[in-house]
Amino acid sequence: MKSLKVKPPVVLKLGGSVVTFKDRLETPRLDVIRRVALEIAEAKPESLILVHGGGGFGHPHALTHRLMEGFKGGLSQLVGFSETRLAMARLNSLMVEALNRVGIPALGFQTSALVTAREGRISSLNLKPLSGALRLGGVPVIYGDAVIDEVQGFTIVSGDMLSSVLARRFRSPLLALGVDVDGIYTDDPKLNPEAKLIRRIKVGRGLKGVLEGVEGSRSLDVTGGMKHKLLEVKRYVASGGKALIFNALKAGNVARVLKGLEVEGTLLEN
Ligand SMILES: Nc1ncnc2c1ncn2[C@@H]1O[C@H](COP(=O)(O)OP(=O)(O)O)[C@@H](O)[C@H]1O
Ligand SMILES: [Mg+2]
């Protein structure tokens, strides 16, 4: 068998706040999904893994059935686990379809089939299907999902956690996280108009000062919003990687990021 070594891919995570209306049940932002697909086609990245969040396809189901707390017993919560996974697979299909339409060989992967967790953290991750897809020149499209947890039955692995782990394991040159705001601010920009964009964060110096201004999410986000994102990204950056949090709702930004051009946002370095 040929080696599975691949050119390190850029990992692009598109938040649920970008690809869905986060506060409406299972409502995709099809115009945004199509535009992002076109931008990826235009940028022609050499090697790319796309990760998407759940937004209105993930968080409402996960909250209703309290999936973050693990399996409490009973059929109804188990059906909720199933429904959440189904909804996420639907969103994944929409993403893959939009990418296919513009000629991108997108390959959807069900996260729950590649990942297990232990007390909420990824404990096993089968990289081979992903590296095989990359070697072919495909673009794996994977997502935050409800997965089996060895201790608590099941849990949620967020797109933020997954993208940080993938970026680390594949030694990515860049982890780019697209959200619905311009980056990390001194305070939640949706609540505080005085909040200032922080353009650079050195995670080696600790995040204490920064974290004071970072809240979860105004929208429903069972995984912990921006604070969780920052903490997950920090793990990857601390291992030597570079990450950028930017606004993926602004037309052109995804293409610019993938072409290595400058984009307004928050750059995180060690
Ligand atoms: N200090 C901050 N800087 C930027 N965004 C923040 C901050 N504190 C809270 N937020 C909120 O975090 C949200 C993005 O996180 P989240 O909703 O989890 O996005 P995603 O759906 O992409 O995971 C923004 O919409 C913003 O309202
Ligand atoms: Mg989130």
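Located above this text is the structure these notes cover.
This one's a predicted model, so the numbers in the text were calculated from it and none came from an experiment.

K.L.:
Please set out the overall build of the protein residue by residue, giving values where relevant.
P.N.:
Helix and strand counts for the protein stand at 10 helices and 12 strands. Its C-alpha atoms give the protein a radius of gyration of 17 Å, within 12% of the compact-globule value 18 Å for 270 residues. Each of the 270 residues in the protein was classed as buried or not, and the buried ones make up 55%. Relative to all contacts within the protein whose residues are 6 or more apart in sequence, the contacts with residues 24 or more apart total 75%. Surface summary for the protein: the accessible area is close to 12200 Å², and the carbon and sulfur share equals 52%.

K.L.:
Got a sec to walk through the packing of aromatic side chains? Specific residues and values, please.
P.N.:
Overall, the coordinates contain two aromatic pairs when judged by the stated rule. When the centroid spacing of 5.6 Å and the interplanar angle of 50 degrees are considered together, the rings of Phe71 and Phe154 count as tilted. Pair noted here: Phe71 is in the loop between α3 (59-64) and α4 (75-101) and Phe154 is in strand β8 (residues 153-157), with a separation of 83 residues, a long-range link. Judged by its relative accessible area of 2%, Phe154 falls in the buried class. Centroid distance Phe81 to Phe154: 4.5 Å. Interplanar angle 20 degrees. Geometry classified as stacked. Note that Phe81 is positioned in helix α4 and Phe154 in strand β8, a separation of 73 residues in sequence. Look at Phe81 and you get buried, because its relative accessible area is 9%. Site record: aromatic cluster; members linked through ring pairs are Phe71, Phe81 and Phe154.

K.L.:
Give a description of the site of ligand 1 that names residues and reports values.
P.N.:
Residues in close proximity to ligand 1 total 24 residues, the closest being Lys22, Asp180, Ser217, Asp221 and Lys229. Between ligand 1 and Gly16, the relevant distance is 3.4 Å, taken from an oxygen atom to a main-chain nitrogen or oxygen of the residue. At 2.8 Å, a side-chain N or O of Lys229 approaches an oxygen atom of ligand 1. Calculation on ligand 1 without its partners gives an accessible area of 570 Å², and the protein chains cover 98% of this total. Secondary-structure elements contributing two or more residues to the shell around ligand 1 are α1 (16-19) and α9 (225-238). Here the shell around ligand 1 takes three residues from α9, the largest share from any one element. Split into classes, the residues belonging to the shell around ligand 1 amount to seven nonpolar, eight polar and nine charged.

K.L.:
Can you lay out the packing of helix α2 (residues 30-43) against α4 for me, pointing to particular residues and giving the numbers?
P.N.:
Remark: α2 packs on α4, axes separated minimally by 9 Å, with the N-to-C direction vectors making an angle of 45 degrees. The angle between α2 and α4 falls in the class oblique. When you trace α2 past α4, the crossing you get is right-handed. Residues Ile33, Arg34, Ala37 and Ile40 of α2 lie in contact with α4, whose contacting residues are Leu94, Met95, Ala98, Leu99 and Arg101. In terms of residue class, the contact of α2 with α4 is made up of seven nonpolar, no polar and two charged.

K.L.:
Just give me the short version of the packing of helix α7 (residues 159-169) against α9, but keep the residues and values in it.
P.N.:
At a closest axis distance of 9 Å, the pairing of α7 and α9 adopts a crossing angle of 10 degrees. Taken together, the axis directions place α7 and α9 in an arrangement best described as roughly parallel. For the pair α7 and α9, contact is made by Asp160, Met161, Ser164, Ala167 and Arg168 and by Gly225, His228, Lys229, Glu232, Val233, Arg235 and Tyr236, respectively. Of the residues belonging to the contact of α7 with α9, the class tally is four nonpolar, three polar and five charged.

What counts and what doesn't
For every chain, the first residue of its written sequence is number 1, and the numbers climb from 1 along that sequence. Lettering of chains starts at A and numbering of ligands starts at 1, both following the order in which they are written. In keeping with the model being predicted, local features are shown solely for residues with a pLDDT of at least 70 and side-chain atom pairs are shown and tallied solely at 80 or more, while totals for entire chains, interfaces and linings include all residues. Calculated side-chain values reflect all of the structure's heavy atoms, with hydrogen atoms and water omitted. For the purposes of this entry, the term helix denotes a DSSP run of H or I that reaches at least four residues, the term strand denotes a run of E that reaches at least two, and both are numbered from the N terminus. The reference for a compact globule is 2.2 Å times residues^0.38; the radius of gyration itself is calculated from the C-alpha atoms. Each residue's exposure class comes from its accessible area (1.4 Å probe, protein chains only) as a fraction of the maximum for that residue type: buried when under 20%, exposed when over 50%, partly exposed otherwise. Contacts are assigned to residue pairs that have any heavy atoms within 4.5 Å of one another. The method behind every accessible area is Shrake-Rupley, applied with a 1.4 Å probe, and residues are considered shielded solely by the protein chains displayed. Paired rings are identified among Phe, Tyr and Trp, the last through its six-membered ring, by centres lying within 6.5 Å, and are further divided according to the angle between planes into stacked (under 30 degrees), edge-to-face (over 60) and tilted (the rest). Residues are counted as near a molecule or strand when any one of their heavy atoms sits within 4 Å of it. Polar contacts here mean pairs of N or O atoms no more than 3.5 Å apart (in protein, one a potential hydrogen donor and the other a potential acceptor; neighbouring residues in sequence count only if both atoms are side-chain atoms). Residue type decides the class: Asp, Glu, Lys and Arg count as charged, Ala, Val, Leu, Ile, Met, Phe, Trp, Tyr, Cys and Pro as nonpolar, and the leftover types, Gly among them, as polar. The angle between two axes is taken between their N-to-C directions and runs from 0 to 180 degrees, where each axis is a line fitted to C-alpha atoms and a helix contributes only its stretch in contact. Convention used here: angles under 35 degrees read as roughly parallel, angles over 145 as roughly antiparallel, angles from 65 to 115 as roughly perpendicular, and any remaining angle as oblique. Left-handed describes a crossing whose near helix is turned anticlockwise from the far helix by less than a right angle; the clockwise case is right-handed.

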